[in-house]
Amino acid sequence: MEKNIAVIKGDGIGPEIVTEAMKVLDAVAKKYNHKFNYTEILMGGCSIDAYGVPLSDEALKIAKKSDSVLLGAIGGNTTTSPWYKLEPSLRPEAGLLKIRKELGLFANLRPAYLYDELKGACPLKEELTEGGFDMMIMRELTGGLYFGERSTEKEGDQMVAHDSMSYSESEIRRIAKRGFDIAMKRNKKVTSVDKANVLDTSRLWRKVVEEVAKEYPEVTLEHMLVDNCAMQLVRDPKQFDVILTENMFGDILSDEASMVTGSIGMLSSASLREDSFGMYEPSHGSAPDIAGQNIANPIATILSAAMMLRYSFDLDQEAKDVEDAIEKVLKEGYRTTDIMSEGKTLVGTREMGDLIVSHL
Ligand code: NAD
Ligand code: IPM
Ligand code: MN
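Residues numbered from 1 in each chain as written. Chains lettered and ligands numbered in written order. Predicted model: local features only at pLDDT ≥ 70, side-chain atom pairs only at ≥ 80, totals over all residues.

Enquirer: Could you give an account of helix α11 (residues 316–331), naming the residues involved and the relevant values?
Expert: With 16 residues, α11 ought to run about 22 Å at 1.5 Å a step, and its terminal C-alpha atoms sit 22 Å apart, in line with that. Of all the residues in α11, the buried ones are E318, A319, D321, V322, A325, I326, V329 and L330. Following α11 by one or two positions, G333 has its phi on the positive side, about 95 degrees. (Helix = DSSP H or I, 4+ residues; strand = E, 2+ residues; numbered from the N terminus. Expected span 1.5 Å × (residues − 1). Buried ≥ 20, exposed ≤ 12 C-beta atoms within 10 Å, placed from the backbone.)

Have a look at this one:
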């Protein structure tokens, strides 16, 4: 199989972790006789420095023509980096929002899974995670507050900022269907998370999710308010199978869920639409505090590459090989600093990538 992959290394730890994911993809290609052609494009701060915009038309065109996109992370320190002195539409994150919208990637899958081997890195009491947990956060990715109108204006004698949130029935319906489809292949439970006790968008969300649920009689649906969900994730993470939620709630809850798996460095993601195209990226950011030190955990990015093999290229066995290789390396006791615990062997970003490749 031959595939064209647009690669966005991005900023901060982005280049380090993407390099490891590409090593793994190359090893898979060699083993199974596939060909992955990479075209590197710039997005985020590095694109601002080179072209003055966080995503150029050319870069977007290359992404659109490719079979999938592999992304590291973009952005810098939001208080000290000069990128954050630019007007909002020219900052690194604007590139990421634009590529998601332009590519139509409305469904963001963020699987949070506790590896047996990482129990020592999980901050929860052992009895809460016995038997592990395995949830899929389905985050709506191209609507809501992120894409509403915004402004900051003088009103009277002070500045007032506005962000508006809207969701249409069709936007809710397509992500809900995706959530129920995924639940059918898993434990057949959907927890739809909203703030229906306050927000109109949430009340519409709940109504549409109820309608979609009628098409999936085998799936158990429950509704949960987002504040309660944030609490339940650390009280009893085992209760969740699929968490279905809007854009910003999903952003926040997925970072929280990542920590109960041991580290944000473990949480992968796939951003999908109706066809097989997808963009694959870790859920974490560019971690400017640890960039360039060969200490970032590349596993979230490598797991995201495995999701690319599965969801965009239909290469299930290859994806499983990568996931198994990661599990073996963890079983052997190798850890990056973020998942390090007593008695384990500390390795760097490159070494972790090499170890995973050695098991393929
Ligand atoms: P972050 O996720 O970059 O970092 C939060 C903390 O987690 C930091 O202490 C960091 O060192 C640690 N961390 C993150 N990934 C890690 C890894 N792979 N291994 C080990 N430790 C890891 O979040 P932040 O600091 O709030 O944001 C930094 C920048 O990243 C901001 O500019 C933000 O906008 C951007 N960001 C980008 C994306 C993306 O590109 N998809 C996602 C989130 C944040
Ligand atoms: C993520 C990030 C992005 C988001 C930022 C960088 C715009 O936090 O992918 O989780 O909020 O979607
Ligand atoms: Mn986030």
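Enquirer: Lay out the nonpolar core in plain terms, naming residues and giving numbers.
Expert: Ranked by size, the top nonpolar core spans 95 residues in total, and within it L70, I302, A305 and V322 carry the most contacts. Residue contacts for L70: discarding those within four places in its chain leaves I5, V7, V18, A21, Y280, A305 and M308. (Core = buried A, V, L, I, M, F, W, Y, C linked by C-beta atoms within 7 Å. Contact = placed C-beta atoms within 7 Å.)

Enquirer: Describe the domain arrangement of the protein chain, naming the residues involved and giving the relevant values.
Expert: Per the domain assignment, the segments making up the protein chain are domain 1 (1–106 + 272–359) and domain 2 (123–261). For domain 1 versus domain 2, the distance between C-alpha centres works out to 24 Å. (Domains from an automatic or database assignment.)

Enquirer: Give me the lowdown on the sheet that holds strand β2 (residues 35–40), citing residues and values where you can.
Expert: Reading across the sheet, the 10 strands line up as β2-β1-β3-β12-β11-β4-β5-β10-β8-β9 and stay open at both edges, with mixed pairing between neighbours. Two strands lie at the open edges of the sheet, namely β2 and β9 (220–225), each paired on one side alone. Pairs of neighbouring strands in the sheet enclose a mean axial angle of 25 degrees, with direction left out of account. Sheet topology places strand β8 (residues 189–194) next to strand β10 (residues 242–245); four bridges connect them, and they run parallel. Bridge pairing in β10 places T191 opposite I243. The strands that helix α8 (residues 226–235) touches are β8 and β9; relative to β9, the one it contacts most, it runs at about 105 degrees. (Pairing = 2+ DSSP bridges. Axes fitted to C-alpha atoms, helices over the stretch in contact; angles between N-to-C directions.)

Enquirer: Describe the site of ligand 2, listing the residues and the values that go with them.
Expert: Neighbouring ligand 2 are the residues G75, E93, L96, D251, S283 and G285. For the shell around ligand 2, the residue count by class is one nonpolar, three polar and two charged. (Near = placed C-beta within 6 Å. Nonpolar A, V, L, I, M, F, W, Y, C, P; charged D, E, K, R; others polar.)

Enquirer: I'd like a rundown of the site of ligand 1, residues and numbers included.
Expert: With respect to spatial proximity, 21 residues lie near ligand 1, and among them G75, G265, H284, G285 and N297 are the closest. Residues of the shell around ligand 1, tallied by class, amount to nine nonpolar, eight polar and four charged.

Enquirer: Give me the UniProt feature "site: Important for catalysis" (unreviewed entry) in the protein chain: which residues, what numbers.
Expert: The UniProt record annotates "site: Important for catalysis" (unreviewed entry) at Y146 and K195. Relative to the helices and strands, Y146 is located in the loop between β5 (134–140) and β6 (150–155). Setting aside anything within four residues of it in sequence, one finds Y146 in contact with L97, N247 and M248. Along the chain, K195 turns up in the loop between β8 and α7 (200–213). A residue is classified by how many C-beta atoms lie within 10 Å of it, and K195, with 17 of them, is partly exposed. Not counting chain neighbours up to four residues away, the residues in contact with K195 comprise S202, L225 and V226. (UniProt positions renumbered as here; feature names shortened; annotations may be inferred.)

Enquirer: Give me the packing of helix α1 (residues 14–32) against α11: which residues, what numbers.
Expert: The angle between the axes and the distance between the axes are what describe a pair of packed helices. Contact pair α1 / α11: the axes reach a minimum separation of 11 Å and the direction vectors enclose 130 degrees. As judged from the angle between their axes, α1 and α11 are oblique. Read as a crossing pair, α1 and α11 show a hand that is right-handed. Judged by residue contacts, V24, V28 and Y32 of α1 engage E318, D321 and V322 from α11. Residues belonging to the contact of α1 with α11 are distributed by class as follows: four nonpolar, no polar and two charged. (Parallel < 35°, antiparallel > 145°, perpendicular 65-115°, else oblique. Left-handed = near helix turned anticlockwise from the far one by under 90°.)

Enquirer: Tell me about unusual backbone geometry, and name the residues and values.
Expert: A negative phi angle characterises most non-glycine residues, just as the trans form characterises most peptide bonds. Backbone geometry places K188, a non-glycine residue, at a positive phi of 60 degrees. Its location among the elements puts K188 in the loop between α6 (169–184) and β8. Unusually for a residue other than glycine, D314 sits at a positive phi of about 60 degrees. Turning to its location among the elements, D314 is positioned in the loop between α10 (299–311) and α11.

Enquirer: Please give an account of the packing of α1 against helix α12 (residues 349–358) that cites residues and values.
Expert: Put simply, α1 and α12 touch, their axes get as near as 9 Å, and they point 15 degrees apart. The angle between α1 and α12 falls in the class roughly parallel. Considering only the axes of α1 and α12, their crossing is right-handed. Between α1 and α12, the residues in contact are E16, I17, E20, K23, V24 and A27 and T349, R350, M352, G353, I356 and V357, respectively. Within the contact of α1 with α12, the residues separate by chemical class into six nonpolar, two polar and four charged.

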